[in-house]
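# Inside the fold
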Amino acid sequence: MHYFLGIDFGTSGVRAIAIDREGEIVALTRSDYDIRNCKTWRSALFEVITNLPEFVRIHTRKIVIDGTSATVLICDHAGKVIASPMLYSDACEMAILERVTDIAPLHHSVASATSSFSKLIALTTTWSQIPEEFYFLHQADWLGYLLHDRLGVSDYHNALKLGYEPLSLTYPDWLRAWAKAHPNVILPEIFAPSTTIAKIQAKVANQLGLPKDCEIGAGTTDSNAGFLACIGMGKPTLGTAVTSLGSTMVLKILSDRPINDLSYGIYSHRFEHPACGCLWLVGGASNVGGAVLKQFFTDVELRELSDRIDPHIPSALDYYPLPKIGDRFPINDPHLMPRLEPRPQDPAEFLHGLLESMARIEARGYSLLQELGASPLQQIYTAGGGAKNPTWTKIRNRYLKTPMQKPLETEAAYGSALLAKSNFEV
Ligand code: ADP
């Protein structure tokens, strides 16, 4: 018996999913954690593993962990975390961003207030008085370390926002030069997601009831694991896309070439697949999405009002439903005002206008990705809270004119479990 374990450290909690050789889910566990407190990362990691049934734990062959992208920390040689982690959503001050733009090339994707590289500069500025060397790690790297005891390793998904070049699989010259000038900072060595880093430490295996030869793979990010969960590990088709309708609206399309355009917040992850070699996951994120719906409706109201909407009749209302000023994709304008007027009396009519307008923005997003060179859109999977709304799906269908597929799974932990299995088989 062989089982493969994926563990997802997402924005809202921790989930572990164990799958068998056929990809069937055999166990799922959950735990809460406080993302600002690394002690709770450790307790949640150990809890989701120990809560798995014993028959699953003793036959677990490999584990892959995904974490929130651009949640980072620094730690010493003993793995002790120095200072609090900086979270995916933490934005660095203007002064830090100015330093980043002095170091990185013009228009590089790291020149954003939330990039891992900006956080590295912020952390090293704060901690420059410490003489000893320290490691800079992403959330998934440090969690992997707790299992395999190797510091200083990461994967090219997590390392993208640090400035790592996924095309040439190297740190760029400007980043190497910066690292040379800061010898007390140890940047991680980068591997493909799921590459076996080491076997689990014996004492941790004993504590968790895992086999001593259980392998720990390099990690990935929660959104890439989520993409994989939707499409599964079968041979992927170019132009396969996943729209995530959560608090925000995130589009990702599988493409034969990378596209990076900082002005639209478009970036590309390397996506290696045993059946098709190196492809690219090209994505962009808009601030429109469920957060705006939540400002006006409860989940129950969303369900009831959606049932009253005829999705085949277009709404004449033309909104740009932002929760606050500014969007980056598909309209790149930090001053873009939310447009939520005129507001009809009937809440169902208002919701119809919101859903219709977001469908229009999604279609514009996919057109933009293709205009910039992404592979032509072939099929769309939908993840997130909005995927549960059949009325919205029908409205989106009118604009997207692309087959909508049912995701295999939507839990990111399932995608990480698939990664653990795939690499084990190769
Ligand atoms: P995230 O993980 O990004 O916070 P989720 O994927 O959990 O978000 O989705 C939550 C969002 O889904 C909420 O903002 C909510 O407004 C929206 N949502 C929930 N139910 C529905 C529905 N029936 N139709 C459309 N949106 C919905």
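Every value quoted in this text rests on a predicted model; they were computed, and no experiment measured them.

Reading the values: rules and limits
Per chain, the residues get numbers from 1 upward, laid out in the order the sequence is written. Note on the predicted model: pLDDT of at least 70 is required for a residue's local features to be given, and 80 or more for side-chain atom pairs to be given and counted; whole-chain, interface and lining totals, by contrast, use all residues. Neither water nor hydrogens contribute to the side-chain values; these are computed over all heavy atoms in the structure. For two strands to be treated as a pair, DSSP must find at least two bridges joining them. In this description a helix means any DSSP run of H or I spanning at least four residues, a strand means any run of E spanning at least two, and both kinds are numbered starting from the N terminus. One heavy atom within 4 Å of a molecule or strand makes the whole residue count as near it. In protein, a polar contact means a hydrogen-donor-capable atom and an acceptor-capable atom, both N or O and within 3.5 Å, with residues adjacent in sequence counting only if both atoms are side-chain atoms; elsewhere, any N or O pair within 3.5 Å suffices. Accessible surface area values rest on a Shrake-Rupley calculation with a 1.4 Å probe, where residue burial reflects the displayed protein chains alone. Classes in brief: Ala, Val, Leu, Ile, Met, Phe, Trp, Tyr, Cys and Pro nonpolar; Asp, Glu, Lys and Arg charged; the others, Gly included, polar. In summary, the pairing rule links any two rings of Phe, Tyr or Trp, Trp by its six-membered ring, whose centres are within 6.5 Å, and it sorts them by plane angle into stacked for under 30 degrees, edge-to-face for over 60 and tilted for everything else. When accessible area is computed with a 1.4 Å probe and restricted to protein chains, residues below 20% of their type maximum are described as buried, those above 50% as exposed, and intermediate ones as partly exposed. Comment: the charge-over-ring label is applied if NZ (Lys) or CZ (Arg) is within 6 Å of the ring centre and within 35 degrees of the ring normal. UniProt positions are given in the numbering used here, feature names are shortened, and annotations may be inferred rather than shown by experiment. The criterion used for residue contact is that any of the two residues' heavy atoms lie within 4.5 Å. As used here, the arc is the angular range of directions from the helix axis to the C-beta atoms.

One open sheet holds the six strands; their spatial order is 16-17-15-14-18-19, and the pairing between them is mixed. At either end of the open sheet lies a strand with only one pairing partner, and these are strand 16 (267-273) and strand 19 (404-405). Bridge count between strand 16 and strand 17 (residues 277-286): seven bridges; the pairing is antiparallel. Along strand 17, the bridge assignment pairs H273 with G277.

Not every one of the 13 residues close to the ligand is listed here, only the nearest: S247, G290, G384, G385 and N389. At a separation of 3.0 Å, an oxygen atom of the ligand approaches a polar backbone atom of G385. Contact between the ligand and N389: a nitrogen atom at 3.0 Å from a side-chain N or O atom of the residue. Burial of the ligand by the protein chains amounts to 75% of its free accessible area of 590 Å². Looking at the shell around the ligand, the elements with two or more residues in it are helix 9 (290-296) and helix 10 (299-307). The class makeup of the residues in the shell around the ligand is four nonpolar, seven polar and two charged.

In this section: the packing of aromatic side chains. In the structure shown here, the tally under the stated rule is 11 aromatic pairs. The interplanar angle of 75 degrees and the centroid separation of 5.9 Å between the aromatic rings of F117 and W178 together place this pair among those described as edge-to-face. Highlighted residues: F117 in helix 4 (residues 116-126) and W178 in helix 6 (residues 173-181), separated in sequence by 61 residues. Plain terms: the ring middles of F297 and F350 are 6.1 Å apart, the flat faces sit at 50 degrees to each other, and that makes the pair tilted. Remark: F350 occurs in helix 11 (residues 347-371) and F297 occurs in the loop between helix 9 and helix 10; sequence separation between them is 53 residues. Accessibility expressed as a relative area gives 6% for F297, which makes it buried. Of the aromatic side chains, those joined through ring pairs into one cluster are F296, F297, Y319 and F350. Lying over the aromatic face of F46, R42 brings its terminal NZ or CZ to 4.3 Å of the ring centre. Over the ring of Y156 we find R270, and its NZ or CZ is 5.7 Å from the ring centre.

This part covers the UniProt feature "domain: Carbohydrate kinase FGGY C-terminal" (unreviewed entry) in the chain. UniProt records the feature "domain: Carbohydrate kinase FGGY C-terminal" (unreviewed entry) at residues 279-420, using the numbering of this structure. The distance from the first to the last C-alpha atom of residues 279-420 is 19 Å, and the span holds 43% helix and 11% strand.

Attention now moves to the environment of L279. Within the secondary structure layout, L279 lies in strand 17. Residues L279 and D76, 203 residues apart in the sequence, show an inter-C-alpha distance of 36 Å. Among residues more than four places away in sequence, those in contact with L279 are P236, L238, L254, S255, H269, R270 and F271.

Buried within helix 6 are the following residues: W174, L175 and W178. Down the axis of helix 6, the buried side of the element spans an arc of 95 degrees, and every buried residue falls inside it. Projecting away from the buried face of helix 6 at angles above 90 degrees are the exposed residues D173 and K180. Next to the buried residues of helix 6 lie helix 3 (94-103), helix 4 and strand 9 (185-186).

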